[in-house]
Amino acid sequence: MTAPPADAVTPARTAALAVRDLHVDFDGPEGPVPAVRGVDLTLNPGEVLGLVGESGSGKSTVALAAMGLLPRTARVRGSVLAGGTELLGAGEKALSRLRGSRVAMVFQDPLSALTPVHRIGDQIAEAVRVHQDVTREQARRRAVELLDLVGIPDPARRARAYPHEFSGGMRQRAVIAMAVANDPDVILADEPTTALDVTVQAQILDVLRTARRETGAALLLVSHDLGVIAGMADRVAVMYAGRVVESAPVDALFAAPRMPYTIGLLGAVPRPDTGGRPLTPVPGSPPDLRKLSGGCPFAPRCPLADDACGDEPALTGTGDDHDHLAACVKTPGPGLYPVPEIPPATAGAEAPRSERPAVLRVQGLAKTFPVFKGTAFRRRVGSVYAVDGIDLDIRRGETLGLVGESGSGKSTALMEILRLAAPEAGEVEILGRSAAGLTKRQAHALRGSVQIVFQDPMASLDPRMPVGEIVAEPLRAQGHGRADAAGRIPRLLELVGLEAAHADRFPHEFSGGQRQRIGIARALAVEPELLVLDEPVSALDVSVQAGVLNLLQRLKRELGLAYLFVSHDLAVVRHIADRVSVMYLGRTVESGPVEEVFARPRHPYTQALLSAVPVPDPSRERARERILLAGDPPSPAVRDEGCRFRGRCPLYAALGDAERSRCEGVRPAPRSLGGDQVAACHFAAG
Amino acid sequence: MTTTATVPTADPAASAPPAARGRGRVALRRFAANRNALTGAVVLLLLFLLAFAGPYLTPWSHTDIDYSALREAPSADHWWGTNRIGQDVYAQVLHGLQKSLLIGLLTALTATVLASVVGACAGYFGGWTDRIMTFFIDLLLVFPAFLIIAIVSPRLRERGWIVFVGLLAVFGWMITARVVRSMTRSLKEREFVRAAQLMGVHPLRIIARHILPNVSSFLIVDATIAVGGAVMSETGLSYFGFGVQPPDVSLGTLIADGSDAALTYPWMFFFAAGLLVVFVLAVNFLGDGLRDALDPTSGHHRTRRRPRRKGTTHDRAAR
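Calculation rules
- Numbering of residues begins from 1 in every chain and follows the order in which that chain's sequence is written.
- Ligands are numbered from 1 and chains lettered from A, in the order in which they are written.
- Selection of residues for local features in this predicted model requires a pLDDT of at least 70, selection of side-chain atom pairs for listing and counting requires 80 or more, and totals for whole chains, interfaces and linings are taken over all residues.
- The basis for the side-chain values is all heavy atoms of the structure; hydrogens and waters are excluded.
- UniProt positions are given in the numbering used here, feature names are shortened, and annotations may be inferred rather than shown by experiment.
- A run of H or I in DSSP counts as a helix once it spans at least four residues, and a run of E counts as a strand once it spans at least two, with each numbered from the N terminus.
- Here the globule rule is a power law, 2.2 Å times the number of residues to the power 0.38, and the radius of gyration is based on C-alpha atoms.
- Here the term buried applies to any residue with accessible area under 20% of the maximum for its type, exposed to any over 50%, and partly exposed to those in between, with areas from a 1.4 Å probe on protein chains only.
- The method behind every accessible area is Shrake-Rupley, applied with a 1.4 Å probe, and residues are considered shielded solely by the protein chains displayed.
- Only one rule defines a salt bridge in this text: a Lys or Arg side-chain nitrogen within 4 Å of an Asp or Glu carboxyl oxygen.
- Being paired, for any two strands, means DSSP has found at least two bridges between them.
- Domain start and stop points were drawn from an automatic or database domain assignment.
- Here, nonpolar core refers to any group of buried Ala, Val, Leu, Ile, Met, Phe, Trp, Tyr and Cys residues whose side-chain atoms link them within 4.5 Å.
- For this analysis, residues touch if any pair of their heavy atoms sits within 4.5 Å.
- All axes are obtained by fitting lines to C-alpha atoms, using only the stretch in contact for helices, and the reported angles, taken between N-to-C directions, cover 0 to 180 degrees.
- Here roughly perpendicular refers to angles of 65 to 115 degrees, roughly parallel to angles under 35, roughly antiparallel to angles over 145, and oblique to all remaining angles.
- By definition, turning the near helix anticlockwise from the far helix through less than a right angle yields a left-handed crossing, and turning it clockwise yields a right-handed one.
- Three classes are used, and their members are as follows: Ala, Val, Leu, Ile, Met, Phe, Trp, Tyr, Cys and Pro are nonpolar, Asp, Glu, Lys and Arg are charged, and the others, Gly among them, are polar.
- Think of the arc as the fan of directions from the helix axis to the C-beta atoms.
- Exposure above 30% relative accessible area and the lack of any salt bridge qualify a residue for a patch; like charges then connect within 9 Å, and the nonpolar side chains Val, Leu, Ile, Met, Phe, Trp and Tyr within 5 Å.
- Between 30 and 60 degrees the pair is tilted, below 30 it is stacked and above 60 it is edge-to-face, where a pair is any two Phe, Tyr or Trp rings, Trp via its six-membered ring, whose centres lie within 6.5 Å.
- Residue-level confidence of the predictor, termed pLDDT, takes values from 0 up to 100.

- The name an unreviewed UniProt entry assigns to chain B is Oligopeptide transport system permease protein OppC, from the organism Streptomyces hiroshimensis.
- The Sequence similarities (unreviewed entry) comment attached to chain B in UniProt states, word for word, "Belongs to the binding-protein-dependent transport system permease family. OppBC subfamily."

- Where an unreviewed UniProt entry is consulted, chain A appears under the name Oligopeptide ABC transporter ATP-binding protein OppF, with the organism given as Streptomyces hiroshimensis.
- Taken directly from UniProt, the Subcellular location (unreviewed entry) text for chain A runs: "Cell membrane".
- In its Sequence similarities (unreviewed entry) section, the UniProt entry covering chain A states "Belongs to the ABC transporter superfamily."

What follows is the structure, given as structure tokens:
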């Protein structure tokens, strides 16, 4: 690779971090497997550089290589300069001096980044003492200051806590505190918010901004989330197949992308602010880096590819703006990717909502788990109120998005509904029949009408079964004959965009998106009326996710299906759902038509949730006003007589004493707030 | 369903050509492509042929005694020589091979089937089923198996060797069952099992179609080891006078008798020992091949022959 340095403007000496022609190969059973193939990056002092890419693009490997943290099986070539010091090939001792003091790292998983057996304060103090000559007492005081800086309340007391006593968001704050402990020049953040909920993600991104302001460090932010990048970065580098394929200032990249891959990525990502726009998926899946032909690695998926793409293009800038570089020989125009056609809704679904029959009705559903203590004499010491009052209403041909953060009881609620048995409290009605009074035979027959698609397409398909048998399984369970079931498989596979000839292959031979299609084909086999989709696209990359979302929309229109679409991703819900129901700690707090809820959220939690969702649009991101929620959700083991949200509620904080007592003592009932929108809040504005 | 619904219905005319092959057919094809497995199967087949057809080639039976030829080396008359009382080693070894093949394979098969059924049921159903079955497993584990077989087998001698197989199997499945039980408990939490439950698949069908295939690698390895183990236990018991009794012979008794003479009269020992080694090796090869054939993710021979074509489907999929 003889590509010129990405930005010749800044000499490598003065840059905070300069990566030059970085190559990383991993040893595989069949020879070395390239992961990074000639990456040039320049991180100027005080700048935020966003590194975007899908899984397998090599973005995390770049960050790890810069820290010298790659395993022994990795072979690294090239140069990584941090403030003029070469990091590659430096001895372990020299690296230890640099790590933390000059270059600091924030990892994705805050739990494994902290030692479980030491107190948080001691771990931060240790990071201070490694690089600074201070006494134990001074280091401890510095640790408390740092915890205060990253916004941990009561830092002196919390410094004595162990990692397991912290929530995920607090742990990530502690890791950031440790990263900034020695005023580094560069902070490398590898997917720092991917494991966190949206509202916590907003807090952590805010802490990262604060940390950067306080230390003046440059930040290399590695993420797959275009929204996070749009809100944080000054410049963006897009990686594909181990190389940087486009690099530009953030506004230029989002407004006028040059590389077809970037264009595809931006067209494929659903946005929480504009619904209804059809997504344009990028066809195919990322290449196997072992089998690159030498041409442009994106060519097999590129609509513009022709003979000119036979050589791998270098990263070059065109015209006078030399800071916008793209590795493409073409000049893509508008309408690069064909906009998929979503067929019009079938006649039955066009009827007004109130006249359509209800497919699923849930009222006041509750589920508690007992908490036991003791081994010899197990006794119940309490309950976890996982689900504590959920209302759902799905009509035929309708998609209900069920939104909630982790721990809000979404999955528990799903399992309670799908159990098809009498719930602990409340009522579940499927296709007009109450789940409480079903006989075994009726429940079995009803299972054919309600099918589920799981989150992880690998785990939900039996690895030992050929695809044909997997798809036929629900048919056989519903009593169809072997021949009858086998006869339907080819057309089912074609319905979800696979080939009939794939029936005798095994799940591991397919890519993630294809596996999810198999899961959908299996669910459709028995012609269900309600499809429960449990985070069906959250394990997929953006470019593949768009294809699956479009498929779901097409199937819904063609077959008149109703969906219960569970997701933590509000942008996806905005895109696919007709109605939305928001959950907080086991209770429904707001529901209504998706346009109305997203345009005018009434419940303070919904407002905060929506304001926390990053939008892949830099100018909008900068202009947005965020409602940052304080703290984390309380424990679900405590049954709250009043509103469960009040501890974090900005509305509650502004109330007088008399009104507060109402929030504390009276559980807010769902209240209609104009039209179809319902919110469970005493004081939500109508 | 609305009138425009296009969910496929069974249409024999449209679906005839690409009928999906079941997993049995796929496994069979993969098995046939595995050279080690085929070698194992062929050798095992030859051993059976030798054991059951071989005795007809010689005039001697395993009980005949040739007083004119004591401890005689292999010759045209006695192909594999004779032992110290003039019995034909060829006839004896083949008769012993019959016994050992049947005892070894049947014991391993019975024990493995018992272990997988009990283990999978205990792990899958949990609760009281699990507690009762685990109690039973533990009870059998603490029984002194050798003592019980020693006490029981003389009373059942009239029923023949099949009872002996039963006894060996009954005391040889518990540890396997415990492993299967714990594997089942973790499999039960996997999403594909939950998916099957939510589809309304019958629990026993889930065990047969999802649980057991996913523990099959372990079961096969365990069974191949059990074959050798069964032959050895039979030898041990026979040595103490409980298993196969004279004039009946097994490979175990022959090896035990001939081991003193292994250096001086090698034919009395090495034919029996050699066949036992060949037998156990063949079973191991067969088991390895079976395991690879049943596990679609193992081995590269398939992917090398048929490279994956990911891109082609996605182009269509991305409409």
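1. Let's talk about the overall build of chain A
Right, so step 1: Helix and strand counts for chain A come out as 23 helices and 24 strands.
Right, so step 2: In terms of C-alpha radius of gyration, chain A reaches 27 Å, essentially the compact-globule figure of 26 Å for 686 residues.
Right, so step 3: Along the first, second and third principal axes, the C-alpha set of chain A runs to 75 × 70 × 55 Å.
Right, so step 4: For chain A, with 686 residues in total, the buried portion stands at 57%.
Right, so step 5: Total accessible area on chain A is roughly 26600 Å²; 51% of this is exposed by carbon and sulfur atoms.

2. With respect to the pattern of salt bridges
Between side chains of opposite charge, pairing is possible as soon as their charged atoms come close.
Residue and element names in this part refer to chain A.
Right, so step 1: The full count for this structure, using the stated rule, is 40 salt bridges over all chains.
Right, so step 2: The partner of arginine 622 in a salt bridge is aspartate 251, with the nearest N and O atoms 2.7 Å apart. Separated by 371 residues along the polypeptide, arginine 622 in helix α21 (residues 618-623) and aspartate 251 in helix α9 (residues 250-255) bring together distant segments of the chain.
Right, so step 3: Residues participating in the shared-partner salt-bridge network are Arg353, Asp393, Arg395 and Glu398.

3. Section: the sheet that holds strand β8 (residues 218-223) of chain A
Right, so step 1: The eight strands are arranged β6-β7-β8-β3-β9-β10-β12-β11 (chain A) in an open sheet whose pairing can be described as mixed. Looking at strand neighbours, the two that pair on one side only are β6 (103-106) and β11 (316-317) of chain A, the edges of this open sheet.

4. Concerning the domain arrangement of chain A
Right, so step 1: For chain A, the domain assignment lists domain 1 (17-111 + 183-326), domain 2 (355-449 + 528-679) and domain 3 (468-526).
Right, so step 2: Centre-to-centre separation of domain 1 of chain A and domain 3 of chain A, based on C-alpha positions: 37 Å.

5. Side note on the UniProt feature "domain: ABC transporter" (unreviewed entry) in chain A
Residue and element names in this part refer to chain A.
Right, so step 1: UniProt tags residues 19-266 and 360-610 as "domain: ABC transporter" (unreviewed entry).
Right, so step 2: Note that residues 19-266 is 39% helix and 27% strand, and that its end C-alpha atoms are spaced 26 Å apart.
Right, so step 3: Spanning residues 360-610, this segment combines 37% helix with 29% strand, and its end C-alpha atoms are found 26 Å apart.

6. Some points on the sheet that holds strand β4 (residues 74-82) of chain A
Residue and element names in this part refer to chain A.
Right, so step 1: The antiparallel open sheet is built from four strands, whose spatial order is β2-β1-β4-β5. Taken across any chain shown, the strands that pair with only one partner, and hence form the sheet edges, are β2 (31-43) and β5 (85-86).
Right, so step 2: As judged from the eight bridges shared by strand β1 (residues 17-28) and β4, these two strands associate in the antiparallel manner. Paired with alanine 18 across the bridge in β4 is leucine 81.

7. Remarks on the nonpolar core
Right, so step 1: Membership of the largest hydrophobic core comes to 177 residues, with the highest contact counts inside it found for Leu22, Leu524 and Leu555 of chain A.
Right, so step 2: Each residue touching leucine 22 of chain A, except ones within four places of it in the same chain, is listed here: Val36, Arg37, Gly38, Val39, Val62, Ala65, Val76, Arg77, Gly78, Val80 and Leu88 of chain A.

8. Things to note about the pairing of strand β16 (residues 425-430) of chain A
Each regular strand displays side chains that alternate between the two surfaces of the sheet.
All names here are of chain A.
Right, so step 1: Pairing between strand β13 (residues 358-373) and β16: five bridges, direction antiparallel. Across the sheet, the residue bridging to alanine 366 is alanine 425, located in β16.
Right, so step 2: In terms of strand pairing, β16 meets strand β17 (residues 433-434) through two bridges, oriented antiparallel. For isoleucine 430, the partnering residue across the bridge sits in β17 and is arginine 433.
Right, so step 3: In sequence, β16 turns back onto β17 through a hairpin of two residues, with leucine 431 there showing a positive phi of about 50°.

9. Describing the UniProt feature "transmembrane region" (unreviewed entry) in chain B
Right, so step 1: Sites flagged by UniProt as "transmembrane region" (unreviewed entry) map to residues 37-57, 101-125, 132-154, 160-180, 211-232 and 267-286 of chain B.
Right, so step 2: Secondary structure content for residues 267-286 of chain B is 100% helix and 0% strand, and the end C-alpha separation is 28 Å.

10. Observations regarding the packing of helix α6 (residues 168-179) of chain A against helix α7 (residues 198-215) of chain A
Residues and elements named next belong to chain A.
Right, so step 1: At a closest axis distance of 10 Å, the pairing of α6 and α7 adopts a crossing angle of 15°. By the angle class used here, α6 and α7 are roughly parallel. For the element pair α6 and α7, the recorded crossing hand is right-handed. Residue-level contacts link Gly169, Gln172, Arg173 and Ile176 of α6 to Val200, Gln203, Ile204, Val207, Leu208 and Ala211 of α7.
Right, so step 2: Grouping the constituent residues of the contact of α6 with α7 by class yields six nonpolar, three polar and one charged.

11. Focus: helix α13 (residues 440-447) of chain A
Right, so step 1: Among the residues of α13 of chain A, those classed as buried are Ala443, Leu446 and Arg447 of chain A. Along the axis of α13 of chain A, the buried residues cluster in a sector spanning 105°; they form a single face.
Right, so step 2: Lining the buried residues of α13 of chain A we find α12 (410-418), β16, β17 and β18 (450-453) of chain A together with α9 (191-199) of chain B.

12. Thoughts on a nonpolar patch on the surface
Residue and element names in this part refer to chain B.
Right, so step 1: On the surface, Phe135, Phe136, Leu139, Leu141, Val142, Phe143 and Ile175 cluster together into a nonpolar patch covering about 710 Å² of accessible area.
Right, so step 2: Looking at the nonpolar patch, the element that brings in the most residues is helix α5 (residues 127-142), giving five residues.
Right, so step 3: Within the element layout of this structure, leucine 141 appears in helix α5.
Right, so step 4: Residue leucine 141 is classed as partly exposed on the basis of its relative accessible area of 37%.

13. Focus on the packing of aromatic side chains
All names here are of chain A.
Right, so step 1: Under the definition given, this model contains twelve aromatic pairs over all chains.
Right, so step 2: Plain terms: the ring middles of tyrosine 584 and phenylalanine 645 are 5.0 Å apart, the flat faces sit at 80° to each other, and that makes the pair edge-to-face. Of the two residues, tyrosine 584 is situated in strand β21 (residues 579-584) and phenylalanine 645 in the loop between α21 and α22 (650-653); the sequence distance between them amounts to 61 residues.
Right, so step 3: Under the relative-accessibility criterion, tyrosine 584 is labelled buried at 4%.
Right, so step 4: Residues tyrosine 605 and phenylalanine 645 carry aromatic rings whose centres are separated by 5.3 Å and whose planes lie at 70° to one another, so their mutual orientation is edge-to-face. Here phenylalanine 645 lies in the loop between α21 and α22 and tyrosine 605 lies in helix α20 (residues 604-612), a separation of 40 residues in the sequence.
Right, so step 5: Classification of tyrosine 605 by relative accessible area gives buried; the value is 0%.
Right, so step 6: Three or more aromatic residues link up through ring pairs in this structure, and these residues are Tyr240, Tyr261 and Phe298.

14. With respect to the environment of leucine 41 of chain A
Residue and element names in this part refer to chain A.
Right, so step 1: Tracing the chain through its elements places leucine 41 in strand β2.
Right, so step 2: A relative accessible area of 7% places leucine 41 in the buried class.
Right, so step 3: Distance in space between the C-alpha atoms of leucine 41 and serine 611 is 32 Å, their sequence separation being 570 residues.

15. Section: the packing of helix α10 (residues 203-239) of chain B against helix α11 (residues 251-258) of chain B
All names here are of chain B.
Right, so step 1: The contact between α10 and α11 brings their axes to 8 Å, and the two run at 60°. Judged by the angle between their axes, α10 and α11 are oblique. In terms of crossing hand, the pair formed by α10 and α11 is right-handed. For the pair α10 and α11, the contacting residues are Glu234, Thr235, Ser238 and Tyr239 in the first and Gly252, Thr253 and Ala256 in the second.
Right, so step 2: Residue classes in the contact of α10 with α11 are distributed as two nonpolar, four polar and one charged.

16. So, the confidence of the model for chain B
If pLDDT is low for a region, its predicted coordinates should not be looked at in detail.
Residue and element names in this part refer to chain B.
Right, so step 1: On average, residues of chain B score 79 in pLDDT, and 86% of them reach the 70 mark or higher.
Right, so step 2: Helix α8 (residues 174-188) holds the highest mean pLDDT among the elements of chain B, 93, whereas helix α14 (residues 310-317) holds the lowest, 37.
Right, so step 3: Low pLDDT, under 50, characterises residues 300-319; the stretch is placed with 40 contacts to residues that sit more than four places away or in other chains.

17. Considerations on the pairing of β18 of chain A
All names here are of chain A.
Right, so step 1: Side-chain alternation along β18 places Val450 and Ile452 on one buried face and Gln451 and Val453 on a second face that is also buried.
Right, so step 2: Summarising the sheet, β18 and strand β19 (residues 530-534) pair through four bridges and their orientation is parallel. Across the sheet, the residue bridging to valine 450 is leucine 530, located in β19.

18. Quick word on unusual backbone geometry
All names here are of chain A.
Right, so step 1: With phi around 55°, aspartate 154 is a residue other than glycine that occupies positive phi space.
Right, so step 2: The residue aspartate 154 is located in the loop between α4 (136-149) and α5 (155-158) in this model.
Right, so step 3: Looking at aspartate 154, the relative accessible area reads 40%, which means it is partly exposed.
Right, so step 4: Positive phi, close to 45°, is recorded for aspartate 183, a residue that is not glycine.
Right, so step 5: Mapped onto the fold, aspartate 183 is located in the loop between α6 and β7 (186-190).
Right, so step 6: Of the residues examined, aspartate 183 reaches a relative accessible area of 46% and is grouped as partly exposed.

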